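# Fold and geometry: a report
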Amino acid sequence: MAIHRGRGFAAINYPIGMNLGGDPSQALVHSNPDGKFTVALSAIDLGQGMKSVCRQIAAETLGVPVEDVYVDTADSDTGPHDMGSFASRGTHRMGNAVIRASAEAREVMLEAAAEELEVDPGDLMTDGKGNIHVRGAPSRTITVMAAAQAAQFRQGRTIAGRGIFLIPLSDVDPDTGEMSPVTTFAHAAMLVTVEVCDETGEVTVTDMQSAYEVGRALNPRLVEQQLRGGAWMGMSHAAWETTEPYYPARDHGPVDFNSYIMPGPGDLAPHHISVLERPAEDGPYGGKGPGEMCANPVLPAVVNAVYDAVGVRIDELPVTPEKVLRGLRALGGAKPRQRL
Amino acid sequence: MTFKPISFTLNGSSKAAFATEGQNLLDFLRRAVGDLSPKYGCGQGTCGACTVMIDNVPQLACLVLAESVEGRAVNTAAGLANGPRLDPLQEAFMERFAAQCGYCTAGMLVAARALLDANPRPSREEVIEGISGNLCRCTGYEPIIDAILDVAEGRVQA
Ligand code: FES
Ligand code: FES
């Protein structure tokens, strides 16, 4: 028996949002009389950080402190319509809708403040700390809260905004097949090292080095948590998880966590991550979002690494010991690529 | 259906509630007592989401009969914080972004608390061993291990 070490590389382009577009997101933003803002969305945060990012985007656009924004995703029955949290579309689609809704609300907020200060709304600016003041005359100032209260109780004005982001559905040209599948791609490159045991067929990922290009990382810590967890899932999909039975009959398939196996805390590979920031032209503040792409490069990289290690080319996932052993048998033993 | 009164201590306060016959502790805590912190992941002892402490020993609540906690002390993730003061593990989990969907988090925290109570300075390997019964789908475990080590090695204070 011998352990063979191999390295594999993969690079991917990953489309942001639904292919061919036509997947709208809506956002509604309104102020409360205490000068705090609520952003209503129907897209759900599954733990990826969508609420945090939309909160940051709303605060930035409104020009108020992030603490003064509450993102409400409570109910898709009553909230504004959204296609949902999938296709790595959250930051891009919802973020853009939030920018539009917040910009509209900001306009009304400045009109309300202008009426109180008896100036032109165009001369006003926000300091991001909860104050609105006249450009060049910081002493002529009103708090966002006072402006919101004036709007509510004196002026009878609604500080609110509507936003929708829609990339129109792209038709496919019947003659040429030409279409515009996506407006934005994210990218990733991954280098993995594996060890393959030629007696048991077991594949162990021992190292991952990656570079991910995600547009602007609007929240770098959330980006990192996505990439780290997602790459773990990619490793799991590459070499562990399968709904296929271990024996020919379907009822030998895994039905619980005893037989549907994922890498545990003792099976991790060190993962060195580099994030490349290249703000996207149509992204909210340049963001695209890591999304599903976190997991994707790991799978082809692992398959390539197995080929490098023992010369077995596997084209069906996951890379199970059985497939490796069958490949080794067909090959007449391990043929590390360096020795081919 | 027969109901059986159970008196026990939950996170330091005495509690009494009715358990149905054969009800497991997870179901009892969530439905009869109203402590929603332990989670149902698998109901068969393979995911760790329901981890609680019974007399300071970590147990899978889905595998424990509710009746068996009569007179005993149960601790759940809901009891980790002391008023506004979080357990250092909770601080460290936040600092390290060790939760995403959060479904595993309550069980992870209880498993980690049990580990540190028994062994305040665990090695990385001992931390891995301590949470090896708890599945996490989101984080890739690394941030969770780092968070527990931050507390063990004194980088996070209460
Ligand atoms: S619910 Fe108890 S271990 Fe999964
Ligand atoms: S944070 Fe989602 S399962 Fe652990």
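Residues numbered from 1 in each chain as written. Chains lettered and ligands numbered in written order. Predicted model: local features only at pLDDT ≥ 70, side-chain atom pairs only at ≥ 80, totals over all residues. Heavy atoms only, no water.

Our focus in this paragraph is the packing of aromatic side chains. This structure, assessed with the given rule, holds two aromatic pairs over all chains. Relative to B:Tyr141, the ring of A:Trp232 has its centre 5.8 Å away and its plane inclined at 80°; by these criteria the two rings are edge-to-face. Here the residue A:Trp232 occupies a position in helix α4 (residues 220–239), and B:Tyr141 occupies one in the loop between α4 (124–130) and α5 (142–152), the pair thus bridging two chains. Each member of the pair, A:Trp232 as well as B:Tyr141, is classed as buried. Plain terms: the ring middles of B:Phe8 and B:Phe28 are 5.8 Å apart, the flat faces sit at 50° to each other, and that makes the pair tilted. Of this pair, B:Phe8 sits in strand β1 (residues 3–10) while B:Phe28 is found in helix α1 (residues 25–33), placing the two residues 20 residues apart along the sequence. Taken as a pair, B:Phe8 and B:Phe28 share a single burial class, namely buried. Here A:Arg89 stacks its cationic end above the ring of A:Phe86, 5.5 Å away from the centre of that ring. The ring centre of A:Tyr307 lies 4.3 Å from the NZ or CZ of A:Arg313, which sits over that ring. (Phe/Tyr/Trp six-rings, centres within 6.5 Å; stacked < 30°, edge-to-face > 60°. Helix = DSSP H or I, 4+ residues; strand = E, 2+ residues; numbered from the N terminus. Buried < 20%, exposed > 50% of the residue type's maximum accessible area, 1.4 Å probe, protein only. Lys NZ or Arg CZ within 6 Å of the ring centre and 35° of its normal.)

All right, on to the interface of chain B and chain A then. On the side of chain A, 24 residues touch chain B, which itself brings 23 residues to the contact. The three residues of chain B that bury the most area against chain A are B:Phe97, B:Gln100 and B:Arg137, which together make up 38% of that side's buried surface. Counting across the chain B and chain A interface gives one salt bridge. Residue B:Arg137 pairs with A:Glu241 through a salt bridge whose shortest N-O separation is 2.6 Å. On inspection of chain B and its partner chain A, the count reaches four residue pairs in polar contact (both at pLDDT 80 or more). Per element, the largest residue contribution to the side of chain B that touches chain A is three residues, and it comes from α5(B). Its residues assigned to classes, the side of chain B that touches chain A shows 13 nonpolar, six polar and four charged. (Contact = heavy atoms within 4.5 Å. Buried area = accessible area lost by both parts, 1.4 Å probe. Salt bridge = Lys/Arg side-chain N within 4 Å of Asp/Glu carboxyl O. Polar contact = N/O pair within 3.5 Å; in protein donor to acceptor, adjacent residues only side chain to side chain. Nonpolar A, V, L, I, M, F, W, Y, C, P; charged D, E, K, R; others polar.)

This paragraph deals with the domain arrangement of chain A. All names here are of chain A. Per the domain assignment, the segments of chain A are domain 1 (3–16 + 184–331) and domain 2 (25–165). A straight line from the C-alpha centre of domain 1 to that of domain 2 covers 39 Å. Across the boundary between the two partners, domain 1 contributes 20 residues, which contact 20 residues of domain 2. Summing the contributions of domain 1 and of domain 2, the shared interface buries around 1300 Å²; its carbon and sulfur component is 56%. When the area that domain 1 buries against domain 2 is broken down by residue, the three leading residues are Ile16, Pro284 and Tyr285, summing to 40%. Seen at the junction of domain 1 and domain 2, the total is zero salt bridges. Where domain 1 touches domain 2, the interface holds eight residue pairs in polar contact (both at pLDDT 80 or more). Going through the elements one at a time, β1 (3–15) and α4 are the ones with two or more residues in the side of domain 1 that touches domain 2. (Domains from an automatic or database assignment.)

Residues and elements named next belong to chain B. When cut into domains, chain B gives domain 1 (3–79) and domain 2 (88–152). Summarising the inter-unit geometry, the C-alpha centres of domain 1 and domain 2 are found 21 Å apart. Of the residues lining the interface, 14 residues belong to domain 1; the matching set on domain 2 comes to 12 residues. Carbon and sulfur atoms supply 65% of the area that domain 1 and domain 2 bury against each other, a total of about 970 Å² over both sides. For domain 1, the biggest contributors to the area lost against domain 2 are Thr51, Met53 and Ala77; these three give 41% of the whole.

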